[in-house]
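Chain and residue survey
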Amino acid sequence: DPYSNDPMRHPALRINSQRPFNAEPPPELLTESYITPNPIFFTRNHLPVPNLDPDTYRLHVVGAPGGQSLSLSLDDLHKFPKHEVTVTLQCAGNRRSEMNKVKEVKGLEWRTGAISTARWAGARLCDVLAQAGHRLRETEAHVCFEGLDSDPTGTAYGASIPLARAMDPQAEVLLAYEMNGQPLPRDHGFPVRVVVPGVVGARHVKWLGRVSVESEESYSHWQRRDYKGFSPSVDWDTVDFDLAPSIQELPIQSAITQPQDGTTVESGEVIIKGYAWSGGGRAVIRVDVSMDGGLTWQEAELEGEEQHPRKAWAWRIWQLKAHVPAEQKELNIICKAVDDSYNVQPDTVAPIWNLRGVLSNAWHRVHVQVVP
Ligand code: MTE
Ligand code: MO
């Protein structure tokens, strides 16, 4: 069993798949704190977790023509200036279960928890690439990452991002060796992973073994044959993965974590709580909440750290204290967020349905009963 060496996991995690291990924190824990504690940070593994020895670990960085290739130990990585940044990581499949209700999709049944936030620290990718002689190129180029996890045929997990993002110090792309002040937990990429602020989780390659600069995107299955969006009309007989761009920055997203769907609340003051986040460093400027299925709206209070324009890498937790009269029988609660490009979430799932169930960001709806 290639999974027999996987680490222990926190019992509060809601498991979507045991082998490979995929799990999300329950909603009430997800927004309890702005920074997600490491043991309940959502986990998305495609393969068994490799067991890497930090003393013999080496990161191979392929050098530029005229530059030099690097073989970096953990100590070597620590010699680069240490950079820290708070980043929300979201899987492209977050909230896929809602898409599956409209029409069957292929993929893990994530609810609202395939998203978490941590304070990451490590070397900036641009500093490491510069040491290997890389510069921004006139022509299109991509930085390809390979994990040290592999399938039975020896194929490793891989992904890529555009070189322009990798070389931009303001984009803050990290080769991270710390998560919330601790060495990375094994499930989250020990000893080194990529963190690409504002970009879909799939590009944050864990257990990083190799970095290279190529004229083409990574040839990995997960770059070319997965993590792409399609029209609702495309099915598995007609899909052509070469026609759609790989997902990089993610669209505006929000969800309600409290109260939970199908539960009961007491009339009087009811607290509605959730998260909101947008990709590409776009800040969340507003979260609208409806208690009556979308007839009327109230603005939620945004909590958590202030966001910097164009560098809003982390989510906002939001809250609304609503007054619910005793004669009210039920509530149809909805949330929708707006980012600083005034991008909004679509109101329903059907028009954004796609066969892989990615990019599921329709208005989040929760139905609860009210007791006097
Ligand atoms: N990196 C490797 N090497 N192997 C993987 O399976 N999964 C990716 C990404 N990096 C993956 C990986 C996907 S799809 C996501 S959403 C994030 O890791 C999840 O990161 P987390 O498990 O730390 O939350
Ligand atoms: Mo993912």
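Procedures and definitions
Residues numbered from 1 in each chain as written. Chains lettered and ligands numbered in written order. Predicted model: local features only at pLDDT ≥ 70, side-chain atom pairs only at ≥ 80, totals over all residues. Heavy atoms only, no water. Helix = DSSP H or I, 4+ residues; strand = E, 2+ residues; numbered from the N terminus. Rg over C-alpha atoms; globule rule 2.2 N^0.38 Å. Buried < 20%, exposed > 50% of the residue type's maximum accessible area, 1.4 Å probe, protein only. Contact = heavy atoms within 4.5 Å. Pairing = 2+ DSSP bridges. Phe/Tyr/Trp six-rings, centres within 6.5 Å; stacked < 30°, edge-to-face > 60°. Axes fitted to C-alpha atoms, helices over the stretch in contact; angles between N-to-C directions. Near = heavy atom within 4 Å. Polar contact = N/O pair within 3.5 Å; in protein donor to acceptor, adjacent residues only side chain to side chain. Areas by Shrake-Rupley, 256 points an atom, 1.4 Å probe, with all protein chains shown as cover. 1 Å grid on protein atoms, 1.4 Å probe; cavity = no way out; pocket = protein on both sides within 12 Å on 5 of 7 lines; lining within 4 Å. Sits in = over half its atoms within 2 Å of the grid points. Nonpolar A, V, L, I, M, F, W, Y, C, P; charged D, E, K, R; others polar. Domains from an automatic or database assignment. Buried area = accessible area lost by both parts, 1.4 Å probe. Salt bridge = Lys/Arg side-chain N within 4 Å of Asp/Glu carboxyl O. Points joined across faces, edges and corners; volume = space filled by probe spheres on them.

**What about the overall build of the protein?**
Within the protein, the secondary structure is distributed over 6 helices and 22 strands. Relative to the compact-globule value of 21 Å for 372 residues, the protein shows a C-alpha radius of gyration of 21 Å, a close match. Counting only C-alpha atoms, the protein reaches 75 × 45 × 45 Å along its principal axes. Looking at the 372 residues of the protein, the share that counts as buried comes to 57%. Considering only contacts within the protein whose residues lie at least 6 apart along the sequence, 71% involve residues at least 24 apart.

**Points about the sheet that holds strand S21 (residues 330–339)**
Read from one edge of the open sheet, 5 strands run S15-S22-S21-S17-S18, paired in mixed fashion. Looking at which strands have only one partner, the edges of the open sheet turn out to be strand S15 (264–266) and strand S18 (298–299). Bridge count between S21 and strand S22 (residues 364–371): 6 bridges; the pairing is antiparallel. Note on S22: the bridge partner recorded for cysteine 335 is histidine 364.

**What about the packing of aromatic side chains?**
A complete count under the given rule lists 8 aromatic pairs for this structure. Ring centres 5.7 Å apart and planes at 85° place the aromatic pair phenylalanine 41 and tryptophan 120 in the edge-to-face group. Placement of the pair is phenylalanine 41 in the loop between helix H1 (27–30) and strand S3 (43–44) and tryptophan 120 in strand S7 (residues 115–124), with a sequence separation of 79 residues. Given a relative accessible area of 1%, phenylalanine 41 falls into the buried group. Between phenylalanine 42 and tryptophan 110, the ring centres sit 6.0 Å apart and the planes meet at 90°, which makes this aromatic pair edge-to-face.

**Observations regarding the sheet that holds strand S5 (residues 70–72)**
If you walk across this open sheet you meet the 5 strands as S5-S4-S13-S8-S9, and the pairing is mixed. Unpaired on one side and paired on the other, S5 and strand S9 (156–162) mark the two borders of the sheet. Averaged over all adjacent pairs, the angle separating strand axes in this sheet is 15°, with direction ignored. Both strand S8 (residues 142–150) and S9 contribute to a ladder of 6 bridges, which runs antiparallel. What sits directly across from valine 143, in S9, is isoleucine 161.

**What to know about the site of ligand 1**
Ligand 1 sits among 20 residues. The nearest are Phe42, Asp149, His188, Arg193 and Lys206. At 2.8 Å from an oxygen atom of ligand 1 is found a side-chain nitrogen or oxygen belonging to histidine 46. In the environment of ligand 1, an oxygen atom lies 2.5 Å from a nitrogen or oxygen atom belonging to the side chain of lysine 206. Notes on ligand 1: free accessible area 540 Å², of which the protein chains cover 100%. Placement of ligand 1 is best described as lying within the largest cavity. Broken down by secondary-structure element, the contributors of at least two residues to the shell around ligand 1 are S3 and S8. Class assignment of the residues belonging to the shell around ligand 1 gives a composition of 9 nonpolar, 7 polar and 4 charged.

**Topic: the environment of aspartate 1**
Examined against the element boundaries, aspartate 1 turns out to sit in the segment before strand S1 (14–17). By relative accessible area, aspartate 1 is classed as exposed at 55%. Considering only alpha carbons, one finds aspartate 1 and asparagine 180, 179 residues apart in sequence, at a separation of 31 Å. A polar side-chain atom of aspartate 1 sits 2.3 Å from a polar atom in the side chain of arginine 19.

**Overview of the domain arrangement of the protein**
Split by domain assignment, the protein resolves into domain 1 (14–243) and domain 2 (253–371). One C-alpha centre belongs to domain 1, the other to domain 2; they are set 27 Å apart. Taken together, the contact between domain 1 and domain 2 spans 45 residues of the former and 36 residues of the latter. Carbon and sulfur atoms make up 59% of the area that domain 1 and domain 2 hide from each other, which totals about 3,700 Å². Together, Tyr34, Arg95 and Met99 form the three largest contributors to the area buried by domain 1 at its contact with domain 2, with a combined 22%. Inspection of the region where domain 1 meets domain 2 yields 2 salt bridges.

**Quick word on the pairing of S7**
Taken across its 10 residues, S7 has 9 buried, putting it largely inside the fold. As judged from the 5 bridges shared by S7 and strand S10 (residues 174–179), these two strands associate in the antiparallel manner. Paired with glycine 122 across the two strands is alanine 176, which belongs to S10.

**Some details on the layout of surface pockets**
Taken as a whole, the largest pocket spans an internal volume of roughly 420 Å³. Lining of the largest pocket is provided by 20 residues; of these, Glu98, Lys101, Asp261, His364 and Arg365 occupy positions nearest its centre. Those elements that place two or more of their residues in the lining of the largest pocket are helix H3 (96–102), strand S14 (253–258) and S22. By residue class, the composition of the lining of the largest pocket is 7 nonpolar, 6 polar and 7 charged. Looking at which domains feed residues into the lining of the largest pocket, each of domain 1 (14–243) and domain 2 (253–371) gives three or more. Contributing to the lining of the second largest pocket are 18 residues, with Cys144, Glu146, Ser218, Tyr219 and Ser220 lying nearest its centre. Broken down by secondary-structure element, the contributors of at least two residues to the lining of the second largest pocket are S8, S9, strand S13 (208–214) and helix H6 (221–224). Looking at the lining of the second largest pocket, its residues break down into 7 nonpolar, 6 polar and 5 charged.

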